[in-house]
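# Observations on the model geometry
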Amino acid sequence: MKEHLTVIDHPLVQHKLTLMRRKETPSATFRQLLREIALLLTYEVTRDLTLTTLDVDTPLCGMRAPILDGKKLALISILRAGNGLLDGILEVIPSARVGFVGLYRDEETLEPVEYYRKVPPELDQRLVIAVDPMLATGNSSVAAIDLLKEAGATDLRMLCLLAAPEGVARMKETHPDVPVFTAALDEKLNENGYIVPGLGDAGDRMFGTQ
Ligand code: URA
């Protein structure tokens, strides 16, 4: 059984994350850092992709060289902040299929409500990586994974930038088969559901909408 939680503590990731946390960091820099971190996180989340071999001729001789075995990938962005991670991942996996899931929180029930879903076909045959920078309460991640499973996905991973212990625990309890990858596991959630110390509202910081 794979680890349920992987914290990607590579020095470049940690350095960039620290710059993102600073409240003075402007939106343009924040977006650029998120994209760069996404490239680095992608290495880890795809580390065990299977390889096959291909006969190639280098300028010097022929060889049998490793190449991805072609298992189809789907990246699912949980709107809206997921799009920041998505852009970086697509730079290294440009051929991945992409889907979007939109959820908002009902102010009365506090439950996530789906308002948008567009996902690639044949999710059952793909490695599906759901992306959302902030795994806070876990409510929207759990709801997104629920609906991806309903749509047929069986091989799923969750990639985020920051996680709270509460969100990780909720994911583990509800979807123990879905490994979570994050750059940091922070201390806690505050009373408004923000990750502490965190970096604030990832969507607002990306798009300057505060
Ligand atoms: N979503 C955010 O953008 N930030 C948090 O701290 C928690 C959820």
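This text follows the structure it describes.
I will try to describe carefully the structure that is included in this document. Predicted model, so just to flag it, every value in this text is computed and none were measured.

Right, let's get into the sheet that holds strand S12 (residues 184-185). If you trace the 3 strands from one edge of the open sheet to the other, you get S8-S10-S12, paired in parallel fashion. The open sheet has two edge strands, strand S8 (134-135) and S12, and neither has a second partner.

Okay, the site of the ligand next. If you check the shell around the ligand, you find Met134, Ala136, Gly193, Tyr194, Ile195, Gly200, Asp201 and Ala202 and nothing else. A distance of 2.8 Å separates an oxygen atom of the ligand from a polar backbone atom of isoleucine 195. Glycine 200 has a polar backbone atom sitting 2.8 Å from a nitrogen atom of the ligand. The site holding the ligand turns out to be the largest pocket.

Attention now moves to the packing of helix H4 (residues 139-150) against helix H5 (residues 165-174). Relative orientation of the contacting elements H4 and H5 amounts to 25°, with a least axis distance of 9 Å. When the interaxial angle is binned, H4 and H5 end up roughly parallel. In this structure, H4 crosses over H5, and the sense of that crossing is right-handed. Here Asn139, Ser141, Val142 and Ile145 of H4 come into contact with H5, specifically with Arg170, Met171 and Thr174. The residue makeup of the contact of H4 with H5, split by class, is 3 nonpolar, 3 polar and 1 charged.

Turning next to a nonpolar patch on the surface. Together, Tyr104, Tyr115 and Tyr116 line one region of the surface with nonpolar side chains, adding up to about 340 Å² of accessible area. On the secondary structure map, tyrosine 115 appears in strand S6 (residues 112-118).

Time to look at the pairing of strand S2 (residues 51-57). With 7 bridges connecting them, S2 and strand S3 (residues 62-68) associate as antiparallel partners. Paired with leucine 51 across the two strands is leucine 68, which belongs to S3. In this antiparallel pair of consecutive strands, S2 and S3, the connection spans 4 residues.

A separate point is the nonpolar core. In this structure, Leu17, Met20, Leu41, Ile129, Leu159, Leu161 and Leu199 are the most contacted members of the largest nonpolar core, which totals 37 residues. Taken together, the elements giving at least two residues each to this core come down to helix H1 (11-21), helix H2 (27-45), strand S4 (72-78), helix H3 (82-92), strand S7 (126-131) and helix H6 (202-207). A per-element tally of this core places H2 first, with 8 residues. Not counting residues up to four positions away in its chain, the partners in contact with leucine 161 are Leu17, Met20, Leu34, Ile37, Asp132, Pro133, Thr182, Ala183, Ala184 and Leu199. Within the second largest apolar cluster, 24 residues are counted, among which are Val101, Val142, Ala143 and Leu156.

What follows is about the pairing of S7. Successive residues of a regular strand alternate their side chains across the two faces of the sheet. Taking burial as the measure, the 6 residues of S7 include 6 buried ones, the bulk of the element. The alternating pattern of S7 places Arg126, Val128 and Ala130 on one face and Leu127, Ile129 and Val131 on the opposite face, and all of these are buried. Two elements, S7 and strand S9 (residues 155-159), share 5 bridges in a ladder whose sense is parallel. Looking at the pairing, alanine 130 lines up with methionine 158 of S9.

For the rest of this paragraph, the subject is the packing of H1 against H2. Relative orientation of the contacting elements H1 and H2 amounts to 160°, with a least axis distance of 10 Å. One way to sum up the angle between H1 and H2 is to call them roughly antiparallel. Taken as a pair, H1 and H2 cross one another with a handedness that is left-handed. Residue-level contacts link Leu12, Val13, Lys16, Leu17, Leu19 and Met20 of H1 to Phe30, Leu33, Leu34, Glu36, Ile37, Leu40 and Leu41 of H2. Considered class by class, the residues forming the contact of H1 with H2 number 11 nonpolar, no polar and 2 charged.

Calculation rules
- Residues numbered from 1 in each chain as written.
- Predicted model: local features only at pLDDT ≥ 70, side-chain atom pairs only at ≥ 80, totals over all residues.
- Heavy atoms only, no water.
- Pairing = 2+ DSSP bridges.
- Helix = DSSP H or I, 4+ residues; strand = E, 2+ residues; numbered from the N terminus.
- Near = heavy atom within 4 Å.
- Polar contact = N/O pair within 3.5 Å; in protein donor to acceptor, adjacent residues only side chain to side chain.
- 1 Å grid on protein atoms, 1.4 Å probe; cavity = no way out; pocket = protein on both sides within 12 Å on 5 of 7 lines; lining within 4 Å.
- Sits in = over half its atoms within 2 Å of the grid points.
- Axes fitted to C-alpha atoms, helices over the stretch in contact; angles between N-to-C directions.
- Parallel < 35°, antiparallel > 145°, perpendicular 65-115°, else oblique.
- Left-handed = near helix turned anticlockwise from the far one by under 90°.
- Contact = heavy atoms within 4.5 Å.
- Nonpolar A, V, L, I, M, F, W, Y, C, P; charged D, E, K, R; others polar.
- Patch = residues over 30% accessible without salt bridge, like charges linked within 9 Å, V, L, I, M, F, W, Y side chains within 5 Å.
- Areas by Shrake-Rupley, 256 points an atom, 1.4 Å probe, with all protein chains shown as cover.
- Salt bridge = Lys/Arg side-chain N within 4 Å of Asp/Glu carboxyl O.
- Core = buried A, V, L, I, M, F, W, Y, C linked by side-chain atoms within 4.5 Å.
- Buried < 20%, exposed > 50% of the residue type's maximum accessible area, 1.4 Å probe, protein only.

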